[in-house]
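Close look at the chain arrangement
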Amino acid sequence: MRLCQLQCLCLFLLIFSVCVSCSKTTSDTPPVEDTVLDTQPADVCASATAPVEWQVLKTCNMKGQFLSVWGTGPSDVWVVGAKGEIRHFDGCEWQTVDSGTNADLWWATGFEDGSVIIVGSEGTILRGDKSSGFTPQASGVDVTLYGVWGVSPDKLWTVGFSPNNAVPGVILHWDGQ
């Protein structure tokens, strides 16, 4: 049990140190603007005639790092991240979706019916879709929830732990009730 906690803590510290080192700014640093890269963004709505390769779809002004991606297909992709960031890709462009929170969002999963579940820091659980937006659900915990998975919108599991190990790891189950 102690070894597992130590491994989880080491993994968290590694991820945290990378996130912190990437997000440090000084007072001389101008606000983040759209970044110009050496590569041209791909026109994802054009017909696919080029060989398959990783492409920059869009550079964007973000609140922080993206931490998870999930989708049902090329015209329904969700990304979530730091400071409540949620973006949805419809196959041609990215839209910013209001999360209603500043909590770091660590994981997203969803279902063919369009429903999406997102979990994150401070016990955050959001449920929603692209048309009606997201509403918080009470988790009963204040630990960071790092992953969520389910067989249906009413059969879900999420896991997490307290970054400072003040609270043991948790496994939460939702059965639609």
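All values reported here derive from a predicted model rather than from experimental measurement. (Residues numbered from 1 in each chain as written. Predicted model: local features only at pLDDT ≥ 70, side-chain atom pairs only at ≥ 80, totals over all residues. Heavy atoms only, no water.)

What follows concerns the sheet that holds strand β7 (residues 125-129). Ordered in space as β5-β6-β7-β8, the four strands form an open sheet in which the pairing is antiparallel. This sheet does not close on itself; its edge strands, each paired only once, are β5 (105-110) and β8 (133-137). Sheet twist, expressed as the mean angle between neighbouring strand axes with direction ignored, is 25 degrees. Pairing geometry for strand β6 (residues 116-120) and β7, over four bridges, is antiparallel. (Pairing = 2+ DSSP bridges. Helix = DSSP H or I, 4+ residues; strand = E, 2+ residues; numbered from the N terminus. Axes fitted to C-alpha atoms, helices over the stretch in contact; angles between N-to-C directions.)

On to a nonpolar patch on the surface, then. The grouping of Trp 149, Val 151, Trp 157, Val 159 and Ile 171 at the surface amounts to a nonpolar patch, some 540 Å² of accessible area in total. Mapped by element, the contributors of at least two residues to the nonpolar patch are β9 (144-152) and β10 (155-161). Residue position: Val 151 is located in strand β9. (Patch = residues over 30% accessible without salt bridge, like charges linked within 9 Å, V, L, I, M, F, W, Y side chains within 5 Å. Areas by Shrake-Rupley, 256 points an atom, 1.4 Å probe, with all protein chains shown as cover. Salt bridge = Lys/Arg side-chain N within 4 Å of Asp/Glu carboxyl O.)

What follows covers unusual backbone geometry. The bulk of non-glycine residues show a negative phi, and the bulk of peptide bonds are trans. We note that Lys 83 has phi near 60 degrees; this positive angle belongs to a residue other than glycine. Of note, Lys 83 is situated in the loop between β2 (76-81) and β3 (86-89). The exposure class assigned to Lys 83 is partly exposed, which follows from its relative accessible area of 45%. With phi around 60 degrees, Glu 122 is a residue other than glycine that occupies positive phi space. Mapped onto the fold, Glu 122 is located in the loop between β6 and β7. The class for Glu 122 is exposed, based on a relative accessible area of 58%. (Buried < 20%, exposed > 50% of the residue type's maximum accessible area, 1.4 Å probe, protein only.)

In terms of residue burial, β5 counts as a mostly covered element, since five of its six residues are buried. With antiparallel pairing between neighbouring strands as the criterion, β5 and β6 make up a hairpin whose turn holds five residues, including Gly 114 at a positive phi of roughly 95 degrees.

Below, the discussion takes up the sheet that holds β9. Taken in spatial order, the three strands make up an open sheet running β9-β10-β11, and their pairing is antiparallel. Bordering the open sheet on either side are β9 and β11 (170-174), each of which pairs with just one other strand. The mean angle between the axes of side-by-side strands here comes to 15 degrees, regardless of whether they run parallel or antiparallel. Judged from the five bridges that link them, β10 and β11 form a sheet pairing that is antiparallel. Bridging from a neighbouring strand, Trp 157 pairs with His 173 of β11.

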